[in-house]
Structure formats: structure tokens, C-alpha cells
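# Geometric and topological summary
Chain residues, written in single-letter form:
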Amino acid sequence: MRSLTHLVLHHSATDATLGVGDPEGAALWAAIRRNHQRHWARTVPGYVCDYHVAVGPTGVIFTGQPLAMVAFNCGNARLDAVSIAVCFLGNFQVAGMPALQYAAGVQLLRSLSEQHGIAVSHVILHREVPSERTGIPGFTACPGRWFPSAAMRTALEDHGGGGSSRAAMAR
Ligand SMILES: [Zn+2]
């Protein structure tokens, strides 16, 4: 298993009207996976998706790329190599996050960070990832200006995420 030290958070940046008739996001998730597979089919055998896991608007969790495989998610090869990519379905550049999605997302991030000994400080937004060329972050708005990152980090910290990274280092 590759080493997993970071969680990188994304949104799908998809139009809200795509959700009509697909409230849980299953059809949207299938379309995202198909697009990514088409893109990587020739170069990376068995490639599933640029994201390892997704959270739908009603809190349904979808799986994508196997954790053992790198997902080309954040435009920085060094971080791609050690990250778990989590995608929140929706466009948080234009809308807030539904409460059910937020709650499921926090629960998912807690369990992933505990399971893999990832510190809260290593839970980062796509837009915080430094560009490989310049070292400066901010080449994308992902996961959107209304993404509730402050609340999420507080929720993760309250859960005592700091201790798990120390436990992981001792292993
Ligand atoms: Zn992103």
C-alpha cells in the first residue's frame, strides 16, 4: 500500500440542474467516473476515477479509485502520490452545502483520517495545493467559496484528530 498522508477535498463543480431526477447523485457520479476512465484508459490500466470517494447531496457515499491506486486529482504529482481524493458532489462556488451532505462528509473525513492516521492539518482543499511550477497555491477555486471548510476543520479537531497522526508515526 502506498503511504497516505493527506486528504484533498474537491467539489464536482457541476450544474445544479444535473441533480434533477438524480437527488442522490448516483447518475452524476457514474458520469464523472466514465469521463475520467475515458481520459486515462490508454495510459493507466484499471484506472477508475480521479477521486477515491464522493459524498452526494443527501449524504450517500460513493466509491471511485481504489485507495491503493493514485488518483490524479490535484495537479501536483507529489501530493497525488500520497493523497486520498474526496469529492463533494455539487458546485459550492454558487451554493451552500446541504446539511445531510455536510454531516456525512464530516463523518467520512473522520473515519478516513482515523483509519490512516492523517492529521487535521493534512486535510486540505484543492485550492490550497501548491502549484508544482510556482509553489504558490490558488490556481483553482475548487471546492468553491461556500465550501464549509472552517466548520469542517473545527468538527474534525473537536474529534481529537491530532492524536492519531502521532499514533501513526509510532507504528
Ligand atoms: Zn478539485
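So, a few notes on the structure that sits alongside this text. (Residues numbered from 1 in each chain as written. Predicted model: local features only at pLDDT ≥ 70, side-chain atom pairs only at ≥ 80, totals over all residues. Heavy atoms only, no water.)

Take the sheet that holds strand β3 (residues 61-63) next. The five strands lie next to each other as β3-β2-β4-β1-β5, forming an open sheet whose pairing is mixed. Only two strands of the sheet have a single neighbouring strand rather than two, namely β3 and β5 (123-125). Within the sheet, the average angular offset between the axes of one strand and its neighbour, ignoring direction, is 25 degrees. Note: strand β1 (residues 6-11) against strand β4 (residues 83-88), six bridges, orientation parallel. Bridging across to β4, leucine 7 finds its partner in isoleucine 84. Lying over the sheet, helix α4 (residues 149-158) contacts β1, β4 and β5, oriented at roughly 175 degrees with respect to β5. (Pairing = 2+ DSSP bridges. Helix = DSSP H or I, 4+ residues; strand = E, 2+ residues; numbered from the N terminus. Axes fitted to C-alpha atoms, helices over the stretch in contact; angles between N-to-C directions. Contact = heavy atoms within 4.5 Å.)

This part takes up the pattern of salt bridges. Per the stated rule, a full pass over the model turns up one salt bridge. The closest approach of N and O atoms between arginine 153 and glutamate 128, which form a salt bridge, is 2.8 Å. Highlighted residues: arginine 153 in helix α4 and glutamate 128 in the loop between β5 and α4, separated in sequence by 25 residues. (Salt bridge = Lys/Arg side-chain N within 4 Å of Asp/Glu carboxyl O.)

The subject of this paragraph is the environment of tyrosine 51. For tyrosine 51, the location among the structural elements is in the loop between α1 (26-40) and β2 (53-55). Spatially, the C-alpha atoms of tyrosine 51 and alanine 71 are 5.9 Å apart, while their sequence positions differ by 20 residues.

What follows is about the nonpolar core. Within the largest apolar cluster, 23 residues are counted, with the highest numbers of intra-cluster contacts made by Leu7, Leu9, Val86, Phe88, Leu109, Phe147 and Met152. Of all the secondary structure elements, the ones that give two or more residues to this core are β1, β2, β4, α3 (99-116), β5 and α4. Residues Leu28, Tyr51, Ala85 and Leu89 belong to the second largest nonpolar core, which totals eleven residues. (Core = buried A, V, L, I, M, F, W, Y, C linked by side-chain atoms within 4.5 Å. Buried < 20%, exposed > 50% of the residue type's maximum accessible area, 1.4 Å probe, protein only.)

On to the coordination of the zinc ion. Protein coordination at the zinc ion comes from His10 (ND1), His126 (ND1) and Cys142 (SG), with a distance range of 2.0 to 2.3 Å. All donors to the zinc ion come from one chain, and their sequence spacing reads H-x115-H-x15-C. One end of the pair, histidine 10, is in strand β1; the other, cysteine 142, is in the loop between β5 and α4, with 132 residues separating them in the sequence. The burial state of histidine 10 is the same as that of cysteine 142; both residues are buried. (Donors = N, O, S within 2.8 Å, 3.2 Å for Na, K, Ca; no water.)

Our next topic: the environment of aspartate 15. Locating aspartate 15 in the fold gives a position in the loop between β1 and α1. In this structure the C-alpha to C-alpha distance between aspartate 15 and tryptophan 29, which are 14 residues apart in sequence, comes to 13 Å.

So, about the side chain of arginine 2. Take arginine 2: it is sitting in the segment before β1. Polar contacts involving the side chain of arginine 2 include one to the main-chain carbonyl oxygen of leucine 67, which spans 2.8 Å. A polar contact of 3.4 Å, which involves the side chain of arginine 2, links it to the backbone oxygen of aspartate 80. What arginine 2 contacts, discounting residues up to four positions off in sequence, is His52, Leu67, Ala68, Met69, Val70, Asp80, Ala81, Val82 and Ser83. (Polar contact = N/O pair within 3.5 Å; in protein donor to acceptor, adjacent residues only side chain to side chain.)

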